[in-house]
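# Chain and residue survey
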Amino acid sequence: MAVRRRTEDDRFTLGPRAMRYDRLGFPIPPDFDGPALVERTERTQRTGRPGGRPGRGKRLIVIGLLAAVIGPGLVAPALLPMAREFVVGSALRRAYGCEARGQSAAAIGAVGRALAWSDDPVLAIDLLCWRAMLRLDTGDVTGAGDDATRAIELAPTAARPRRLRALVHVVLSRPDDALADAEAAVDLSTPGDPEALNHRAYVRGLVGRDLPQALADIDAALAGEADPTPELLDTRGYLLHLLGRQQEAIDHLNLAIAGAEGRRRDAVERARAGDHVGAARELRILDRDLAVMHHHRGLACRAVGLAGQAEQDLAIAEQKGYDPSRGVM
């Protein structure tokens, strides 16, 4: 299975009680005691003129001060949702473009900004998972694990964050934790879900545990697939290699690579048709899928003595970004 790439930032507490704005749009400091100041001014004016009341001009000044202080408190809450939507949308567009260009560190910052401004808990889970994968790409494995754990805390019954954290545990050489999260992801998924079974099978292969059960998982995932995806074929090929069935492994990996290459050609055509950013992002994902598949075929070819083919496959894998320390494995 080729693992796909999908990510401490500032958190902001938003709302009318957190920050107020004057009529020119400038923030009013939290400790600014506007109404109390107006009240003290009025009291001084009254006592300074025995038995009198403030004149008309001074009353207008007081009313103006009150409007400047109270008005933004009424307007800001209505504008805040629009501000959130604008900031989150801009940040996501930037993150998407940065990831497409291979600028993972910049994408992490943009996703963090979207996460800080969004008040949508469902979106927060997606953003945490995205940032975790981006952090893996930059080598920040601990940060990736923290984001995955936060996503699990927000959505204890969601399978995706569990699958992601299992990958982090594999990178950190924690096989027991990796298997526990992979098992939990299967339990939280629809019975027989191919993606969950594929993931557990692959994690078992990566840590070298329960290989016969792993093969049973991927066979179950493939059972309902009339047109198996390259990812499923790659997982089965890798497991067959680990079980010593090299020729069968090579056959499956040939099919996986051919399928992934077909997807890559489609992405190139979309880029030529004008979908530059979307196609560039997909090409990065596909190249990493192909890196993993070529690495697996290289291992199987080397095991049967096809040294030339093995060397070629392993070189392609390295060129396309095969790197277990960044989750491309």
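Scope of this entry: the structure provided in the associated data block. (Residues numbered from 1 in each chain as written. Predicted model: local features only at pLDDT ≥ 70, side-chain atom pairs only at ≥ 80, totals over all residues. Heavy atoms only, no water.)

## Some thoughts on the overall build of the protein chain
When helices and strands are counted, the protein chain shows 13 helices and two strands. When each of the 329 residues of the protein chain is scored for burial, the buried share is 45%. When the accessible surface of the protein chain is split by element, carbon and sulfur atoms take 55% of a total near 17,000 Å². (Helix = DSSP H or I, 4+ residues; strand = E, 2+ residues; numbered from the N terminus. Buried < 20%, exposed > 50% of the residue type's maximum accessible area, 1.4 Å probe, protein only. Areas by Shrake-Rupley, 256 points an atom, 1.4 Å probe, with all protein chains shown as cover.)

## A closer look at the packing of helix 9 (residues 211-223) against helix 10 (residues 230-242)
Relative to each other, helix 9 and helix 10 sit at 155 degrees, their axes nearing to 10 Å. Relative to helix 10, the element helix 9 lies roughly antiparallel. The chirality of how helix 9 crosses helix 10 is left-handed. Here Leu211, Ala214, Leu215, Ile218, Asp219, Ala221 and Leu222 of helix 9 come into contact with helix 10, specifically with Leu232, Thr235, Arg236, Leu239, Leu240 and Leu242. (Axes fitted to C-alpha atoms, helices over the stretch in contact; angles between N-to-C directions. Parallel < 35°, antiparallel > 145°, perpendicular 65-115°, else oblique. Left-handed = near helix turned anticlockwise from the far one by under 90°. Contact = heavy atoms within 4.5 Å.)

## Digging into the pattern of salt bridges
In total, this model carries 27 salt bridges according to the counting rule given. Between Arg288 and Asp137 there is a salt bridge, with the nearest N and O atoms lying 2.9 Å from each other. Here Arg288, found in helix 12 (residues 276-303), pairs with Asp137, found in helix 4 (residues 121-137); they are 151 residues apart in sequence, far enough to count as distant. With respect to class, Arg288 is no different from Asp137; both count as buried. With a closest N to O distance of 2.8 Å, Arg297 and Asp313 form a salt bridge. In this pair, Arg297 is assigned in helix 12 and Asp313 in helix 13 (residues 307-319), connecting sequence segments 16 residues apart. Of the residues examined, Asp313 reaches a relative accessible area of 0% and is grouped as buried. The structure contains a network of salt bridges with shared partners spanning Asp137, Arg284, Arg288, Asp323 and Arg326. (Salt bridge = Lys/Arg side-chain N within 4 Å of Asp/Glu carboxyl O.)

## Topic: the side chain of His199
Within the secondary structure, His199 is located in helix 8 (residues 194-207). A polar atom in the side chain of His199 sits 3.0 Å from the backbone oxygen of Arg163. (Polar contact = N/O pair within 3.5 Å; in protein donor to acceptor, adjacent residues only side chain to side chain.)

## Describing unusual backbone geometry
For Ser173, which is not glycine, the phi dihedral falls at a positive 60 degrees. Positionally, Ser173 belongs in the loop between helix 6 (160-171) and helix 7 (175-188). Located in the positive-phi region is Asp210, a residue other than glycine, with phi close to 50 degrees.

Function-wise, these values are silent; they only describe arrangement.
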